[in-house]
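Survey of secondary and tertiary structure
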Amino acid sequence: MSHGHGHGHGHGHGTATMAAHDDHADEVRRPWTTLGVMLMAQLMVILDISVVNVALPSIGKGLHFASSDYQWTVSAYVLLSGGLLLFGGRLADLLDRRTMFLTGLGLFTAASVVSATASSATVMILSRGAQGGGAALLTPAALSIIMSTYAGRQRATALAIWGTIGSMGIAIGVLFGGILTSAFGWRAIFIINVPIGLAAALLSLHLVNRGQRTGGVRGMDVPGAATLVSGLLALVYAVEGTRTHGWTSAHTLVAFAASAVLLVAFAVIERRVPAPLVPPATWRVRSLVSASTVMAVITGVVVGAIFLNSLFLQSVLGSSAIKTGLQFLPLAGSITLGAAVASHLLGKVTPKAMMVVGLFVVAAGSMLLAGMDAHPGYVSDVLPGFVLIGLGVGPMFVAISVAAMSGIPAEHSGLASGVMMTGHEVGAALGVATLAAIAGDLTTRAGLVDGFPTVFTVVAIAMVALAGFVALAVPRQHSHDVQHARMH
């Protein structure tokens, strides 16, 4: 869920920097309708992460999921949307934006129909992957349509709203998913995308001008995108397989080796092709790379924790889907509150200090969840952990966005926010896979009660270790850099 949060902030900060440089451009006021259509489509994409989390137990019962199918229903979506995001961004730059937006929207909507009518776990997981691919094409195109439609103050406002939609999408998604699942059954959460997708497509044909094509597809780094996505899929498959095969089995080792070969191939291809997905110099920007790494780990923890808690609240505490949606609101609320407080403190506290403190707060919240007894209750055992984790995570997203973007020139800010968002999505997929592997059996109440303390003890240790990484790897920013980043 806090997925949405990162989405918003990641893109928002990156592109807001560009906005500031065009203030002198002739400001023609444009109607807000275009923004409305783009937000409609983006909200659908963000909601699709949190909505599915709440519906998972119902989907699992309906389609007779094995333990690993739960995790793949989430991972397939995040992996493809993350793995193809940079590729989608390059396509939106090279080809005309409206066509890319409509292609992504069409793929997303068609895949939603397949998810809604799925009769087996395999069909569900494949269609979720296709939805992720659609999202990867749609999001960068929508953002570049906003950037090219609005200028000056209007652009700044549009980007702020785009960022806020991200964090609101969390809370709305959980509640919305609960209501739809309880009232109409889980298939409704996918069917609802169809009228929204069609409306957004018709409106964008009417409102958005065809952009200019700035290049051909020939320069596209297709092998790079293919090796990146398949390498990441192999990695998640390897982590996921450890649950049934163990860490040292041939199955696991072969999968890890395949993943390593594909990811090394990606690195080699990136060096050789004329137009790589990420220009090589990007990897040398220490602030961006270290902040994106932190983004990947913290997102993995949050999305993984939400995934497990959504199963836990329903299978162990017996909450209905609607009730689960309501029980997640304090988490979404405390993330939003933490982020709001952090953005006020930015000039006074360095992003680095903010990250370290945030990580210790998340570790404390995880320890509360780990200390649960065999007969847990929501208010006594789950709620305090949720609130602490949220208060720790909120400032992290703000600090990471500022740290990642500091020192990035305006013309590269789109690419930089793409790199950060890729860390975000890939982290989510790996986090869900890793925490699910540690938890063990997700299909029974006993399995969940058993695995829960172990998972959150591991999370707490990981957060303390990550605080050490931040202390060593993230460059110290002077407060005037932060002020500069904040003004833009």
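The structure under discussion appears in the preceding block.
Residues numbered from 1 in each chain as written. Predicted model: local features only at pLDDT ≥ 70, side-chain atom pairs only at ≥ 80, totals over all residues. Heavy atoms only, no water.

A tally of helices and strands in the chain yields 18 helices and zero strands. Nonlocal contacts in the chain, meaning residues at least 24 apart in sequence, comprise 84% of its contacts between residues at least 6 apart. Total accessible area on the chain is roughly 18,400 Å²; 69% of this is exposed by carbon and sulfur atoms. (Helix = DSSP H or I, 4+ residues; strand = E, 2+ residues; numbered from the N terminus. Contact = heavy atoms within 4.5 Å. Areas by Shrake-Rupley, 256 points an atom, 1.4 Å probe, with all protein chains shown as cover.)

For the rest of this paragraph, the subject is helix H14 (residues 351–370). The terminal C-alpha atoms of H14 lie 28 Å apart, and with 20 residues this matches the ideal 28 Å at 1.5 Å per residue to within 8%. Listing the buried residues of H14 in full gives Pro351, Lys352, Met354, Met355, Gly358, Leu359, Val362, Ala363, Gly365, Ser366, Leu369 and Ala370. (Expected span 1.5 Å × (residues − 1). Buried < 20%, exposed > 50% of the residue type's maximum accessible area, 1.4 Å probe, protein only.)

The space that makes up the largest pocket amounts to roughly 870 Å³. As for the largest pocket, its lining consists of 33 residues, and the residues nearest its centre are Leu232, Trp283, Ala296, Gly423 and Val426. Contributing elements (two or more residues each) for the lining of the largest pocket: helix H10 (222–245), helix H11 (250–272), helix H12 (286–315), helix H16 (413–439) and helix H17 (445–473). For the lining of the largest pocket, the element with the most residues is H16, which contributes 10 residues. Residue composition of the lining of the largest pocket, by class: 22 nonpolar, eight polar and three charged. (1 Å grid on protein atoms, 1.4 Å probe; cavity = no way out; pocket = protein on both sides within 12 Å on 5 of 7 lines; lining within 4 Å. Points joined across faces, edges and corners; volume = space filled by probe spheres on them. Nonpolar A, V, L, I, M, F, W, Y, C, P; charged D, E, K, R; others polar.)

Okay, the packing of aromatic side chains next. One pass over the structure, following the stated rule, counts six aromatic pairs. Between phenylalanine 65 and tyrosine 70, the aromatic rings sit 5.4 Å apart at their centres with planes inclined by 80°, giving edge-to-face as the arrangement. Overall, the relative accessible area of 8% leaves phenylalanine 65 in the buried class. Taken together, Phe312, Phe452 and Phe456 form an aromatic cluster joined through their ring pairs. (Phe/Tyr/Trp six-rings, centres within 6.5 Å; stacked < 30°, edge-to-face > 60°.)

We now examine empty space enclosed by the protein. Scanning the entire structure with this criterion turns up two cavities of 30 Å³ or more. The space that makes up the second largest cavity amounts to roughly 40 Å³. Lining the second largest cavity we find Val302, Ala305, Ile306, Asn309, Leu331, Phe386 and Ile389. Residue assignment for the lining of the second largest cavity shows that the elements contributing at least two residues are H12 and helix H15 (378–405).

Further remarks concern the packing of helix H2 (residues 33–63) against H12. Between H2 and H12, the shortest axis-to-axis distance is 9 Å and the interhelical angle comes to 45°. The angle between the axes of H2 and H12 places the two elements in the oblique class. Once H2 is placed against H12, the crossing between them reads as right-handed. Between H2, through Asn53, Val54, Leu56 and Pro57, and H12, the contact on the second element is made entirely by Ile306, Phe307, Ser310, Leu311 and Gln314. Considering only residue class, the contact of H2 with H12 consists of six nonpolar, three polar and no charged. (Axes fitted to C-alpha atoms, helices over the stretch in contact; angles between N-to-C directions. Parallel < 35°, antiparallel > 145°, perpendicular 65-115°, else oblique. Left-handed = near helix turned anticlockwise from the far one by under 90°.)

A word on unusual backbone geometry. Its identity as a non-glycine residue notwithstanding, histidine 64 has a phi of 55°, on the positive side. With respect to the element layout, histidine 64 can be found in the loop between H2 and helix H3 (67–83).

A few words now on the side chain of asparagine 193. As for its placement among the helices and strands, asparagine 193 is situated in helix H9 (residues 193–207). Only 3.0 Å separates the side chain of asparagine 193 from the side chain of aspartate 48, close enough to count as a polar contact. When neighbours within four sequence positions are excluded, asparagine 193 is seen to be in contact with Met44, Asp48, Phe108, Thr109, Ser112 and Gln131. (Polar contact = N/O pair within 3.5 Å; in protein donor to acceptor, adjacent residues only side chain to side chain.)

Attention now moves to the nonpolar core. Core analysis: the biggest nonpolar cluster contains 141 residues, and Ile59, Phe101, Ile298, Phe307, Met355, Ile400 and Met463 have the highest contact counts within it. With 17 residues, H2 is the largest single contributor of residues to this core. When neighbours within four sequence positions are excluded, isoleucine 59 is seen to be in contact with Phe65, Met124, Trp186, Ile189 and Phe190. (Core = buried A, V, L, I, M, F, W, Y, C linked by side-chain atoms within 4.5 Å.)

With that settled, the discussion passes to the pattern of salt bridges. Note on pairing: side chains with opposite charge can pair once their charged atoms come close. Per the stated rule, a full pass over the model turns up one salt bridge. Across the salt bridge formed by arginine 128 and aspartate 48, the nearest N and O atoms sit 2.8 Å from each other. On the criterion of sequence distance, the pair formed by arginine 128 in helix H6 (residues 121–149) and aspartate 48 in helix H2 is long-range, its members being 80 residues apart. (Salt bridge = Lys/Arg side-chain N within 4 Å of Asp/Glu carboxyl O.)

Right, let's get into H12. The first and last C-alpha atoms of H12 sit 43 Å apart over 30 residues, in line with the 44 Å expected at 1.5 Å per residue. Counting buried positions over the 30 residues of H12 gives 24, a clear majority of the element.

This part covers the side chain of serine 249. Tracing the backbone shows serine 249 in the loop between H10 and H11. At 3.0 Å, the side chain of serine 249 and the side chain of threonine 252 are in polar contact.

Looking at where threonine 73 falls in the secondary structure, it is placed in helix H3. Among the residues examined, threonine 73 registers a relative accessible area of 0% and is labelled buried. In contact with threonine 73, other than residues within four places in its own chain, are Val52, Leu56, Phe65, Met124, Ile125 and Arg128.

Taken by themselves, the reported measurements are silent on function.
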